[in-house]
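The lines below spell out each chain.
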Amino acid sequence: MTPLVFLLAALAGGLGAAVRYLVDVGIARLTGTRYPWGVFLINLTGSFALGLIVAGLPDASFIVGTGFLGGYTTFSTAMLDTVALWRDGERRASAFNAIGMLLLGLVAAFAGLALGSLGR
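So, here's what we can say about the structure. None of the values given here were measured: they were computed from a predicted structure. (Residues numbered from 1 in each chain as written. Predicted model: local features only at pLDDT ≥ 70, side-chain atom pairs only at ≥ 80, totals over all residues. Heavy atoms only, no water.)

Right, let's talk about the pattern of salt bridges for a bit. Across all of its chains, the model carries one salt bridge by this definition. With its nearest N and O atoms 2.7 Å apart, the salt bridge here joins aspartate 88 to arginine 34. Here aspartate 88, found in the loop between helix 4 (75-87) and helix 5 (91-117), pairs with arginine 34, found in the loop between helix 1 (3-31) and helix 2 (37-56); they are 54 residues apart in sequence, far enough to count as distant. When its relative accessible area of 47% is taken as the criterion, aspartate 88 is described as partly exposed. Arginine 34 gets classed as partly exposed once you look at its relative accessible area, which sits at 47%. (Salt bridge = Lys/Arg side-chain N within 4 Å of Asp/Glu carboxyl O. Helix = DSSP H or I, 4+ residues; strand = E, 2+ residues; numbered from the N terminus. Buried < 20%, exposed > 50% of the residue type's maximum accessible area, 1.4 Å probe, protein only.)

Residue position: asparagine 97 is located in helix 5. Judged by its relative accessible area of 0%, asparagine 97 falls in the buried class. Looking at asparagine 97, its side chain comes within polar contact range of the main-chain oxygen of alanine 78, at 3.3 Å. In this structure, asparagine 97 is in contact with Tyr35, Pro36, Phe40, Ala78, Asp81, Thr82 and Leu85, ignoring residues within four places of it in sequence. (Polar contact = N/O pair within 3.5 Å; in protein donor to acceptor, adjacent residues only side chain to side chain. Contact = heavy atoms within 4.5 Å.)

If you want it as structure tokens, here you go:
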């Protein structure tokens with residue numbers, strides 16, 4: 001890996017983190033709910049996009065996948081949200097967040113891989 005590719009991945013990661021913040025705040029304003037829909041949506045779209053990139057544009061997978069999507073998606077935040085929901089007595093929402101994000105994330109990744117493979 002060249003230093004330029006490494007630098008581009010690092011910059012893409014910073015951009016991904018900034019986009020994650022904007023999406024999360026924007027979704028929270030739209031929904032106005034306690035449930036963390038922004039993080040849920042971020043992780044689903046990130047799973048789909050990573051599958052799409054790996055299958056359709058493998059040469060871009062380090063910069064876009066590891067860089068941008070590494071900064072954009074946020075499993076640790078999702079798990080913290082799950083625990084917070086549980087502690088707040090929101091047992092069903094907590095279970096949906098953990099199980100739903102896992103299952104729908106798998107479906108999204110599969111869909112991205114399948115779509116990305118169509119042109120190959």
